[in-house]
Amino acid sequence: MPKLGMEPVRREALVRATIAEIGEEGSLDVTVARIARRAGMSSALAHHYFGGKDQIFLAAMRRILSDFGAEARRELKAAPPQRRAEAIIRACFAPASFDPVTISAWMTFYVLAQSDDAALRLWRIYQRRLTSNLTHALRGRCRDPRQAAQVLVALIDGLYIRAALHEPDAPGRAIGHALRVLALLTEAPG
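Rules and cut-offs
Each chain carries its own residue numbering, running from 1 in the written order of its sequence. Per-residue local features are limited, in this predicted model, to residues with pLDDT of at least 70; the limit for side-chain atom pairs, both in listing and counting, is 80 or more; totals at the level of whole chains, interfaces and linings are taken over all residues. Each side-chain value is derived from all of the structure's non-hydrogen atoms; neither hydrogens nor water enter the calculation. We count a stretch as a helix when DSSP gives it H or I for four or more residues in a row; a strand needs E for two or more, and each element gets its number in order from the N terminus. Given a helix with a known number of residues, its expected span is that number minus one, times 1.5 Å. The buried label goes to any residue with under 20% of its type's maximum accessible area, the exposed label to any with over 50%, and the partly exposed label to all in between, with areas taken from a 1.4 Å probe on protein chains only. Each direction from the helix axis to a C-beta atom contributes to the arc, which is the arc of those directions. In this analysis, two residues are considered to be in contact whenever any of their non-hydrogen atoms come within 4.5 Å of each other. Only the six-membered ring of Trp is used, alongside the rings of Phe and Tyr, when aromatic pairs are assigned; centres must lie within 6.5 Å, and planes under 30 degrees apart are stacked while those over 60 apart are edge-to-face, with the rest tilted. For a Lys NZ or an Arg CZ to count as sitting over a ring, it must be within 6 Å of the ring centre and within 35 degrees of the ring normal.

S.K.: How would you sum up helix α9 (residues 170-185)? Please name residues and give values.
M.R.: Here α9 spans 22 Å end to end across 16 residues, near enough to the 22 Å set by a 1.5 Å rise per residue. For α9, the full list of buried residues reads Ala170, Ala174, Ala178, Val181 and Leu182. Around the axis of α9, the buried residues are gathered within 105 degrees of arc, so they sit on the same side. Exposed positions of α9 whose direction lies more than 90 degrees from the buried face are Arg180 and Leu184. The inward-facing, buried residues of α9 contact α5 (84-92), α7 (117-138) and α8 (145-164).

What follows is the structure, given as structure tokens:
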């Protein structure tokens, strides 16, 4: 009989192993057996907890999104109200987001979302939350906060893809570029 309280520990181990395996492989071409072996358990146990590779991967992406949310909350807490958009941008390009395994997971997530409804749903939730937070942060700073937020979200995705291609100094350059675009979007019409 399993020990009480082991399920959350094992689930977390599988999620971390999934991120590591995808990061190492650079794609979803990993097996549940490899993930389970890295997590120190049987593939049957991994299937028991998640059902299959796609479900484990989605749990891993929820973990990455949760970590991103925590980073965004830290940045927002430290920012004055008029600098919330800048705080969100900094969170999007935090060093943890540029860890090679995290980048691989994100790129794999984008590809999976093209063919998997659950992945697409999760991606849409992420996009809506980011757009909503930026829209709120831009109120009173530009004529159309929602449109400006949508521009920034698209820019963030594009800059992230550049980072995936190993552009030198990706986080610093991405933040600088995004902040320059933010300044253009929030300039008073002249």
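S.K.: Requested: an account of the packing of aromatic side chains, with residues and values cited.
M.R.: Any two aromatic rings considered together are summarised by their centre-to-centre distance and by the angle between their planes. Applying the stated criterion to the full structure yields seven aromatic pairs. Taking 5.5 Å as the distance between ring centres and 45 degrees as the angle between the ring planes, the aromatic pair formed by Phe98 and Tyr160 counts as tilted. Of this pair, Phe98 sits in the loop between α5 and α6 (100-113) while Tyr160 sits in helix α8, and the two are 62 residues apart along the sequence. By relative accessible area, which is 12% here, Phe98 ends up buried. Given the relative accessible area of 6%, Tyr160 is considered buried. Relative to Phe109, the ring of Trp106 lies with its centre 5.7 Å away and its plane at 75 degrees, an arrangement referred to as edge-to-face. One end of the pair is Trp106 and the other is Phe109, both in helix α6 and three residues apart, which spans about a single turn. For Trp106, a relative accessible area of 7% gives the class buried. Each residue in the set Phe68, Phe93, Phe98, Trp106, Phe109, Tyr110, Tyr126 and Tyr160 is aromatic and connected to the rest through ring pairs, giving one cluster. Looking at Arg11, its charged tip hangs above the ring of Phe50, at a distance of 4.8 Å from the centre.

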